[in-house]
There are 2 protein chains.
Amino acid sequence: MQITIGREIGSGGREIGKKLSEKLGYAYFDNNLLTLAAKESGLCPEEFIKADESNEMLSRRSLSLPFSAYMSSETLLSPEKLFQIQSEVILNLAKKKSCVFIGRCADYVLRERQDCLSVFITASELDCIKRIAKRQKISLKQADEVRHKINKRRAAYYNFYTEKKWGDADSYDMSINSSLLGIDGTVDMIVELIEKVEHKQG
Amino acid sequence: MQITIGREIGSGGREIGKKLSEKLGYAYFDNNLLTLAAKESGLCPEEFIKADESNEMLSRRSLSLPFSAYMSSETLLSPEKLFQIQSEVILNLAKKKSCVFIGRCADYVLRERQDCLSVFITASELDCIKRIAKRQKISLKQADEVRHKINKRRAAYYNFYTEKKWGDADSYDMSINSSLLGIDGTVDMIVELIEKVEHKQG
């Protein structure tokens, strides 16, 4: 089984994914996926990070300005190329073992697989803001600004590369508000879903 | 506990809500809520139906045309007034007993209650189309048109009366794709959520 996790920033989605992978004995991939992709492609990891989903270049592209305007000499790898390499890595990993993937449009990349469950994690506005503030050591006001900015970027990235809409209930198998049951309770609900699906598929 | 169910047309949301209420021993309210509201307010049920969430007048209003343009002499009850009466009925019912509410922005109406869980039901496009075609005895092509039209109306209704966005994962505690586990399996997942929340709240 492959699990993909999309998430609002500050929702605890990454932690939920990590704990889920540990509970299930699945491999876990988020930023380390980038490094892996870099290694497999023979390119330098730093270049991957520059062209990451949250980078400024991509964010500007969501404003529909011509791509070439944002290609600078310091970035050798275009976001499209990075996305393609990442997608290949995700597909190859999924062939080898059960994984939990965080972000990277993995739900879309793995859409042809019958054994892929896509989950989206939300949380109350206040919980998201508090989590960001704590993690980044900034004020609640600043954290709220970060929240808006990063969610916008994630949406732009997802909407650009997939035929779906980021954060739409319709784009995922399940979405859940982590403020309701907390991190562990949310992990348990996802495990429940996986077990029910596995039981149904026999 | 109060359960509210939003749903895409053809997702099986209503059936899921009905089965859920039976399983939990909760009261169930969808269209019969309108009749009840009519009785309680002393108005004629037919007038409620005219001003229902799926009616033409409201749908046109979503195009931001002036409301007065759509008030005809045959409708005595404005959509706003209907919404207000329905909301009062929902609030009163929730005070008396555990309920499952289908549609009517019940999640928003009950937002101040701590014991309210909001669920949104989706399904694969094909499953929705097939379900509509079967129920309305129309072709798949016609069913797809109905699907677009009704989902648009539901979104317009919800977005008009609430501060949230219809179908956004962020607007609900949980959303689930009923194509994954079927009607009964989806009911079981919602029961699971309720039990976990009740256990957490002690």
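Residues numbered from 1 in each chain as written. Chains lettered and ligands numbered in written order. Predicted model: local features only at pLDDT ≥ 70, side-chain atom pairs only at ≥ 80, totals over all residues. Heavy atoms only, no water.

Chemist: Teacher, can you tell me more about the confidence of the model for chain A here?
Modeler: Detailed reading of predicted coordinates is not advised where the pLDDT is low. Model confidence for chain A is summarised by a mean pLDDT of 86, while 80% of its residues fall at 70 or above. Our summary of model confidence lists the complex with pTM equal to 0.87 and ipTM equal to 0.87. (pLDDT = per-residue confidence, 0-100.)

Chemist: Quick question: what am I supposed to make of the packing of aromatic side chains here?
Modeler: For any pair of aromatic rings, the description rests on two quantities: the centre-to-centre distance and the angle between the ring planes. All chains considered together, the criterion is met by 16 aromatic pairs over all chains. Pairing F83 of chain A with Y161 of chain A gives two aromatic rings, centres 4.0 Å apart and planes at 10 degrees, and the pair type is stacked. Of this pair, F83 of chain A sits in helix 5 (residues 79-96) while Y161 of chain A sits in helix 8 (residues 140-161), and the two are 78 residues apart along the sequence. The residues F83 of chain A and Y161 of chain A share a single accessibility class, namely buried. Among the aromatic side chains, those forming a connected cluster through ring pairs are F83, Y157, F160 and Y161 of chain A. Above the ring of Y108 of chain B, the side-chain terminus of R111 of chain B is found at 3.8 Å from the ring centroid. (Phe/Tyr/Trp six-rings, centres within 6.5 Å; stacked < 30°, edge-to-face > 60°. Helix = DSSP H or I, 4+ residues; strand = E, 2+ residues; numbered from the N terminus. Buried < 20%, exposed > 50% of the residue type's maximum accessible area, 1.4 Å probe, protein only. Lys NZ or Arg CZ within 6 Å of the ring centre and 35° of its normal.)

Chemist: Whenever I open this one, the relation of the copies chain A and chain B confuses me. Can you help?
Modeler: In this arrangement, two copies of a chain are superimposed by a rotation about an axis accompanied by a shift along the axis. The transform that puts chain A on chain B rotates by 180 degrees and translates by 0.0 Å along the axis, for an RMSD of 0.0 Å. Look at the turn and shift together and you get a two-fold axis relating the two. In this assembly, 100% of the residues forming the interface of chain A have copies in chain B that are likewise at the interface, indicating an isologous arrangement. (Least-squares fit on C-alpha atoms with pLDDT ≥ 70 in both. Contact = heavy atoms within 4.5 Å.)

Chemist: Is there a simple way to explain unusual backbone geometry in this structure?
Modeler: The general pattern is negative phi for most residues beyond glycine and trans for most peptide bonds. Residue and element names in this part refer to chain A. Even without being glycine, R104 reaches a positive phi, approximately 60 degrees. Checked against the element boundaries, R104 lands in the loop between strand 3 (99-102) and helix 6 (106-109). The residue C105 is not glycine, and still its phi comes out positive at about 55 degrees. You can see C105 is positioned in the loop between strand 3 and helix 6.

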